[in-house]
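# Summary of the model geometry
As a plain string of letters, each chain reads:
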Amino acid sequence: MDSSWSEVQHICNSNLNKVSPVSAVCWDPYHELLWVGNDSGRVSSYYGKGLQRYTAFKAHKAEQVRQIRVTDRGIISLSPKSIQMRDRRGLVKWSISNEDAKDLHCMTSTTLTNGELLVAGQQDDMLVVSSARGVVTRKISGASNIVVLKSLPRSICAGSLLGEVTIRDPRTMKVEQRVQAHTATLSDLDVSGNLLLTLYVYRQGSLIMDPLVKVYDIRMSIRTLAPIPFPSGPMFLKMHPTLSTTCLVASQTGQFQMCDVSSLIMGSYAAPAQFHQIQSSSYITAMDISSSAQTLVFADGASFVYQYADREDFDVNPYSLPITQPDIVQPHTTIIKDDSPLSSVGMPYYTEQLLSVWPNNKIFEVGTQPTPIDEEIIKNMKTIDFVGYAPNPGNIHRNQIPRKKKLIAKKNGPKFRSEQERELLQSSNVLVGDEDGLHHSGRRSSSIGDIHNLDPNVINMPRYYQHVEIQYSKFGVDDFDFGYYNSTPYGGLETHIRNSYCNSFLQVLYFIIPLRKIAKSHIKIACPKDNCLLCELGFLFRMLEDSKGQNCQATNFLRAFSTIPQASALGLFDPETPNRNISFSTLMQNFTRFIMEQIHQESNITTGNPLISKSLVRKIMEKDDGEVKTLEIPSTMQQLFGLQTLSQSKCGACQEEVSRITYPFVVDMLYPKKNDRKSRKRSFTSILKASMYRENQTKAWCAICHQYQPTTTKKIICGLPGVMLINSGASNSEESLIWRQNGPNCSKTNQPTAVQEANADSDNGSPNEDVTGANTPSSFGIYINGSELMIKALPVGKEIPPEFKGAPETCAIYELSSTILQVQAEEELPHLVSQIKIPESELEPEAKTPWYLFNDFLVRKIRPEEVYSFKGNWKTPAVLQYTRVELDSLLELDVLPSKVDYSLLFEDHSIAQTSNTNPRHQVLSQHEMPTPGTLVAIDAEFVALQQEETEIRSDGTKSLIRPSTLTLARVSVLRGDTGPKEGIPFIDDYIATSEPVVDYLTEFSGIVAGDLDFMQSKHTLVPLKVAYKKLRLLVDLGCIFIGHGLNKDFRIINIMVPPEQIIDTVDIYHIRNRQRKISLRFLAWHLLQQDIQSETHDSIEDARTALILYKKYLEYKQNGSFGKVLEDIYEAGHKANWLKGPKDSLTRVSSTPQIEGLITSPLFTTGWPVQ
């Protein structure tokens, strides 16, 4: 390197009482700051160019700061016995100082996304610290006496005190390579790309620096390269941040040199070394090079810091963030006297008159801001002289401009269920338990209304398309009235879960009946994959089947989806802070492609897939020799959704042709180019054909020519799917404009003329795509004629053309079954909804329309015009689903696995490394197979993955913004039927979780750190899917669950249990006109004289107590004393203020009133067994 380095400035601590040798320096890669640490544990920062003082704080007590590491979140400093992280203003974020930190020397961060920090030193174990939480997550044994740590993208380099360098895997921390670089103490090392450079010192009565810098090539195996000579003895080493083969070497005496490792191979032709000398009166203790490589910093034992640069105008970083400046408080100069008016207190001083004293004769009223002209009008406008002319697009009235309506901030919504119950109980003219007259005052009707005459083309967005949000009271989400938004028998999906934008597509998949049967069949067999999306899809479909119009959650499916690293890499996760410019339409289209491929891989059986499609084309003729090739049976997903395509690639030079069969699950619409004049006349069917049948030329590698050659690629359709998914490809207003412009401008008549019918073909599309007069056809036909493809829209009510009446392998008629739309109202964030045509087998009796809107948990009937018309600017199509009209006759679903695998109930598997030597449960035997009506007692414990979010209002009250996120941590199920094993648990599973737990809730759950870790747990530890499937089997077998507060437990577990299979003691021991729900602990103390939950909760104890309370209820009910006992419980509770002993455990039972219990039936007519 021929750069000329010169000293810019040097500084020293001006406070003589705090002067101490500098031990660590580090340039900030995010801000123009220099961080300095000294031997007394003090950390200071200086602004980059002038080295002005910025912050300073005492990070460690009388301990040397051995290393400073800067992240975007803060500054991490390391001392021998502690690690601390602060923000740049000096506020402590976390600090670690315990028995794990004995003699720490170095630290580095991993390249993994979980933000882990590796810390090591002259001690037995290396520590793995979570930089987000500031806790030691695990220890790595066998990594002792490490003095230097450096990270590479795919490895960690560690240098020991004995001169050994090891290269470890960042995920497992296992040693992959090792080399004995030196026979004495290692002083420094650094890595860059495939180069490893090391320094060492050796003893000959005293410490002597080795005059060579050793260089290694760490590709494949570690190989020694030519060393770098440094006569004055190298002590410090740093790789150049921008030049991968250049390094900075410095000695303790103040000499430093920039050296290019690659120039060593030039021998005598290499440029002579250029050394620089630091004018220091002491010894050099630390150095660093900035990320821009334009400035260096050195520190010495006399507390001096020297800055060098290779140019006059230098920068610390190529791009730096602004630093936070301190607030400057201006002193008050206003003097208040006894005769000063009160208006002078706290008011600023103005030299000019305020706008509020503007004279009235200067105020003029102006009109409303003009409405923006429609983009379609501007695009089609032709200017003659100074006047523009354009055809009416059909979404406005002639000679009229609609006035922009004022947005109403307040949205109509339901009252909380607790408020409704309070009003019902306080009403004097309604008796509790009287079912007549008790109706929701604000319950919305699912009637489609009479708005067809007002807005036939659905130009304005109906209000039920607006984004719906869950409101929280002090009782949490259980108090929200979901029934206000859904009076249909079809369940909606909740939104307070991350990635809930997937709800619309999950609803579409649910109403594809063959897919539902495939998913339900999959959960009957033993699936070894933990986060199997097809399993979670089957569990979700079972929930929606049992919901009967209740709201459901896709929590488990979305949690499994969030664990897939490919989904994160593709950007399929919901953005943290969505804005108005985000395209959920594009996000949904990408999600559709990914999820269909993922489910296909999970449904594909390597031993052989069942043949469910009768129209599957299995014999393909090869063009080269005419040989007929028989294909293997594809997966069930490929048979149902796959568009059987023959992809051919032909080399333009050697004419070699390569072909293969593919099954794309989604057809991506490819729109014409902007300069195509005929693009405005293209119909839906013509664009669909061009998207399916493609031929293009590109350069590709030819195996015969052994070089890149012009290649012709062609896709030929061989077979048609039962369900066709179409990605609209519309991600912005220009592309969605094609959907609005091609339809007729009005809906007066839609009958084509004879000339139009004669001119209509598959390329231009039928002039009458649908009776609704919109661009999207309700049905179309596809005919495969050899390598040719014909697609034509089929008007409703007319005879089907003869070319579409052939064999099902080559002919198909598709009908629109569902659409997914991006909806965006003015000045609101976009969101996704789905419009689904309910199959006839599941349609409500006497339904006027089969079309329903699924706007998350809002479900209601809609008009067909809302589906087919895209005249309004408020919606953009994302995904369209077409289904073959004769699909049921083309599928043979009886071949799917139908036998349920119950082996999970009779086996006790654990993924914990330490087996449970003293289990508290006995697994069911084969003769104990549960039957409908079998009583089981259940209780579950949970841990928090995310704390609740609250805000304090101006009046001092607390408002819940988002409740805490809980996950299942332990579930216990006991035998409940009378017999020798009554009350003995047969399931006691702890659930392993890969997500970080923020609170184990030990006081209320009994779970402690380590119980859910497969490395430390001594219990029966299973994945969430295994525990969930056991409960799913018990529900499907007809077991009746006994417990206390089961509604909340089942909600967090995310399982829907029919009400007739639940016996909840919180409802049994409850008087309806009392809001108090009695805790399990108080019931056990009053009725059973038992002291439970004294220190913590135990799910086996709680489930057994609930079982005994239910048996007590049967005794009281039989002898007719239950009413008196219940009154005695409430009387005793009021006297004791509901406290039992010195400590009252918080009940896990929600205080949410049971409105549906008030409305539907009396208390003891729920089908519970009464002996």
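All figures in this text were calculated on a predicted structure; none of them were measured in a lab. (Residues numbered from 1 in each chain as written. Predicted model: local features only at pLDDT ≥ 70, side-chain atom pairs only at ≥ 80, totals over all residues. Heavy atoms only, no water.)

Across its full length, the protein chain carries 22 helices and 54 strands. A buried classification covers 50% of the 1171 residues belonging to the protein chain. A sequence separation of at least 24 residues applies to 62% of the contacts in the protein chain between residues at least 6 apart. Total accessible area on the protein chain is roughly 58600 Å²; 51% of this is exposed by carbon and sulfur atoms. (Helix = DSSP H or I, 4+ residues; strand = E, 2+ residues; numbered from the N terminus. Buried < 20%, exposed > 50% of the residue type's maximum accessible area, 1.4 Å probe, protein only. Contact = heavy atoms within 4.5 Å. Areas by Shrake-Rupley, 256 points an atom, 1.4 Å probe, with all protein chains shown as cover.)

Read across the open sheet, the four strands follow the order β6-β7-β8-β9; overall the sheet is antiparallel. On the outer flanks of this sheet lie β6 (67-70) and β9 (92-96), each paired with one strand and no other. Neighbour-to-neighbour, the strand axes of the sheet open up by a mean angle of 15 degrees, direction not taken into account. Pairing between strand β8 (residues 82-86) and β9: four bridges, direction antiparallel. Its bridge partner lying in β9, glutamine 84 is registered against serine 95. (Pairing = 2+ DSSP bridges. Axes fitted to C-alpha atoms, helices over the stretch in contact; angles between N-to-C directions.)

Between helix α5 (residues 533-547) and helix α8 (residues 584-603), the least distance of the axes is 8 Å, while the angle of their chain directions is 100 degrees. In terms of orientation, α5 lies roughly perpendicular with respect to α8. Residues Leu533, Leu534 and Leu537 of α5 pack against Ile595, Gln598, Ile599, Glu602 and Ser603 of α8. Taken together, the residues that form the contact of α5 with α8 break down as five nonpolar, two polar and one charged. (Parallel < 35°, antiparallel > 145°, perpendicular 65-115°, else oblique. Nonpolar A, V, L, I, M, F, W, Y, C, P; charged D, E, K, R; others polar.)

Our focus in this paragraph is empty space enclosed by the protein. To find leftover empty space, one rolls a probe the size of a water molecule over the atoms. Taken as a whole and judged by the stated rule, the model has twelve cavities of 30 Å³ or more. As a volume, the largest cavity reaches approximately 130 Å³. In terms of lining, the largest cavity is formed by Ile11, Cys12, Asn13, Val22, Val36, Asn38, Arg42, Ser44, Tyr46, Ser303 and Val305. Secondary structure elements with two or more residues in the lining of the largest cavity: β1 (6-12), β3 (33-38) and β4 (42-47). With three residues, the single largest contributor to the lining of the largest cavity is β4. Partitioned by chemical class, the residues of the lining of the largest cavity number six nonpolar, four polar and one charged. (1 Å grid on protein atoms, 1.4 Å probe; cavity = no way out; pocket = protein on both sides within 12 Å on 5 of 7 lines; lining within 4 Å. Points joined across faces, edges and corners; volume = space filled by probe spheres on them.)

One non-glycine residue, asparagine 145, lies in positive phi territory at about 55 degrees. Its location among the elements puts asparagine 145 in the loop between β13 (135-140) and β14 (146-152). In this structure asparagine 145 comes out as partly exposed when scored by relative accessible area, which is 30%. Within the chain, glutamate 846 stands out as a residue other than glycine whose phi angle is a positive 60 degrees. Here glutamate 846 lies in the loop between β43 (831-837) and β44 (851-855). By relative accessible area, glutamate 846 is classed as exposed at 80%.

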